[in-house]
Amino acid sequence: MADPRPPAPPRPCPICRKPATPRDRPFCSPRCAEIDLGRWFRENYRIPTAEQDGGDKDGPDDDMTG
Ligand SMILES: [Zn+2]
């Protein structure tokens, strides 16, 4: 029995949206793979830090005793 469903189309390259090749998937070429790797690396480099305000007059301060 043959599968009536058509073969799934190749996913587009996340970099340039070109049809990816089975050799370099999910990219269309080693070039795009390198670009993606570079992006990932740069994003991973920066550490997400919570916004910290150096304000001393902010928030509940229990220093008004006495
Ligand atoms: Zn590409």
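Please refer to the structure higher up on the page.
Treat the numbers as computed from the prediction; the structure is a model and nothing was measured.

A.B. asks: Explain the overall build of the protein chain to me, please; I cannot follow it from the model alone.
C.D. replies: In terms of helices and strands, the protein chain carries one helix and zero strands. Across the protein chain, the fraction of contacts at a sequence separation of at least 24, relative to all contacts at a separation of at least 6, is 0%.

A.B. asks: How should helix α1 (residues 30-45) be read in this particular structure?
C.D. replies: The periodicity of an α-helix, 3.6 residues per turn, causes residues three or four places apart in sequence to face the same way. The terminal C-alpha atoms of α1 lie 22 Å apart, and with 16 residues this matches the ideal 22 Å at 1.5 Å per residue to within 8%. Burial runs low along α1: only zero of the 16 residues are buried.

A.B. asks: Looking at this structure, I do not really get the environment of P14. What am I missing?
C.D. replies: Tracing the backbone shows P14 in the segment before α1. Note on P14: 15 C-beta atoms within 10 Å, which makes it partly exposed. With 22 residues separating them in the primary sequence, P14 and D36 have C-alpha atoms 8.2 Å apart. With sequence-adjacent residues up to four places away left out, P14 is seen in contact with P26 and D36.

A.B. asks: I would appreciate a short explanation of the environment of C13 in the present structure.
C.D. replies: Within the element layout of this structure, C13 appears in the segment before α1. Residue classification places C13 among the buried residues on the basis of 22 C-beta atoms within 10 Å. Along the backbone, C13 and C28 are 15 residues apart, and their C-alpha atoms lie at a distance of 5.5 Å. If near-sequence neighbours (up to four positions away) are discounted, C13 is found in contact with K18, A20, P26, F27, C28 and C32.

Parameters and conventions
Residues numbered from 1 in each chain as written. Predicted model: local features only at pLDDT ≥ 70, side-chain atom pairs only at ≥ 80, totals over all residues. Helix = DSSP H or I, 4+ residues; strand = E, 2+ residues; numbered from the N terminus. Contact = placed C-beta atoms within 7 Å. Expected span 1.5 Å × (residues − 1). Buried ≥ 20, exposed ≤ 12 C-beta atoms within 10 Å, placed from the backbone.

All we've got here are geometric facts, nothing functional implied.
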